[in-house]
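Chain by chain, the residues:
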Amino acid sequence: MNSSNPEHDALSLLDARRSVPAKQLDAPGPDEATLLRMLRSAVRVPDHGKRVPFRFLRITGSDRDALGERLAARSQARDPDIGEGALDKDRRRFSHAPMVIVVVAVLDPDDTKIPEVERLLTAGSVCFALLQAAQALGFGASWLSGWPAYDAEILALLGLGGNERVAGFIHIGTPRIEAPERERPDPAALLTDWHAP
C-alpha cells in the first residue's frame, strides 16, 4: 500500500516507539474491547508453519499484588540473605502498571518441522507488536522479563506447561511521563553488503 505522504503514518508510529518504564504506568489500562483490539494486531506476526506458538495470560487488580508476594517469598527462598530493597522490588514488580500481559511461547517439543528458535522468535514478535499496538491506542507499555521469566516455580505458579516459556511480561497503562528519546543505532553503520566469493 502506497501513501502520497512521503512520511507514511505507519513508519511515523514505528519511529516514535518508546518504552515507558513500568513504574511510570498508571490506571486506567485498556478495557476488554481495547485489549482485544491490541491483541488482534499483535497476533499478525510472521509464523512459519502457522503454528501459533504463543498465548496470552492477563494479570490485573489484586492478582498483581498477590503475585508480587509470591515473588518475594520465592526470592527469599532462592537467596535467604536478600536485602529488603531487592525484596521490595520483587514484591512490587507487577504492581505498577494496571495490566500485565504475559506473552507465553508455546514450544511443542514434538514439532520437528519448524525449528524451536523460529517459534520463539514468533512469540517475541508478538511482544513487539503488542508494544506498538498499545502505543498506537494511546497507552504506554514496557516489555520486561527478569528472573521470574526463567524460574521453574514461578512458571508453574503462572500455570505454564513444560513446553512453555515466558517470551515477555508486557506492562500496559497510561503513562505518567512522556518517555524520553534515547540514542538509537545508525542503520547505515550496521549494514554491510554480501558479495559472492
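Description of the structure in this document. (Residues numbered from 1 in each chain as written. Predicted model: local features only at pLDDT ≥ 70, side-chain atom pairs only at ≥ 80, totals over all residues. Heavy atoms only, no water.)

**Describing the packing of aromatic side chains**
Ring pairs (aromatic) are described by centroid distance and by the angle formed between their planes. How we decide: Stacked, tilted and edge-to-face are the three classes assigned to paired rings of Phe, Tyr and Trp, where Trp is represented by its six-membered ring and a pair needs centres within 6.5 Å; plane angles under 30 degrees give stacked, over 60 edge-to-face, the rest tilted. Helix and strand definitions follow DSSP, with helices as H or I runs of at least four residues and strands as E runs of at least two, each counted in order from the N terminus.
Inspection of the entire model under this criterion finds two aromatic pairs. Centre to centre, the rings of Phe54 and Phe56 are 6.1 Å apart; their planes meet at 55 degrees, and the pair counts as tilted. With 4.9 Å between their ring centres and 70 degrees between their planes, Phe94 and Phe169 make a pair best called edge-to-face. Highlighted residues: Phe94 in the loop between α4 (84-91) and β3 (99-106) and Phe169 in strand β5 (residues 164-175), separated in sequence by 75 residues.

**Regarding the nonpolar core**
Test applied: By nonpolar core is meant a set of buried Ala, Val, Leu, Ile, Met, Phe, Trp, Tyr and Cys residues that side-chain atoms within 4.5 Å join together. For each residue, the accessible area found with a 1.4 Å probe, counting protein chains only, is set against the maximum for its type, and the residue is called buried under 20%, exposed over 50%, and partly exposed in between. What makes two residues a contact is simply this: any of their non-hydrogen atoms within 4.5 Å.
Of all hydrophobic cores here, the largest spans 24 residues; its most connected members are Met38, Ile101, Val103, Leu130, Ile170 and Ile172. Breaking this core down by element, the ones donating at least two residues are α2 (32-42), β3, α5 (116-136) and β5. With eight residues, the top contributor of residues to this core is α5. If sequence neighbours within four positions are ignored, Ile101 has contacts with Leu35, Phe56, Leu57, Arg58, Leu130, Gly168, Phe169, Ile170 and Ile172. Formed by 15 residues, the second largest nonpolar core is a distinct cluster that contains Phe94, Ala149, Val166 and Phe169.

**Describing the packing of helix α3 (residues 62-78) against α4**
Note the cut-off: Fitting a line to C-alpha atoms yields each axis, with helices limited to the stretch in contact; the angle taken between N-to-C directions then spans 0 to 180 degrees. Two helices that cross are described as forming a left-handed crossing if the nearer one is turned anticlockwise from the farther one by less than a right angle, and a right-handed crossing if clockwise. Only Asp, Glu, Lys and Arg are considered charged, only Ala, Val, Leu, Ile, Met, Phe, Trp, Tyr, Cys and Pro nonpolar, and every remaining residue, Gly among them, polar.
In the contact formed by α3 and α4, the axes pass within 7 Å of each other and the chain directions differ by 145 degrees. Considering the relative orientation of α3 and α4, their crossing is right-handed. Between α3 and α4, the contacting residues are Gly68, Glu69, Leu71, Ala72, Ser75 and Gln76 on the first element and Leu87, Asp90 and Arg91 on the second. Per-class residue counts for the contact of α3 with α4 are three nonpolar, three polar and three charged.

**Comments concerning the pairing of β5**
Quick reminder of the rule: Two strands pair under a simple rule: DSSP has to find at least two bridges between them.
For β5, a buried count of nine out of 12 residues is recorded, marking the element as mostly surrounded by other parts of the structure. As paired strands, strand β1 (residues 25-26) and β5 are joined by two bridges and run antiparallel to one another. Within β5, the position partnered with Asp26 by the bridge is Thr174. Note: strand β4 (residues 140-144) against β5, five bridges, orientation antiparallel. Directly across from Ser142, in β5, lies its bridge partner His171.

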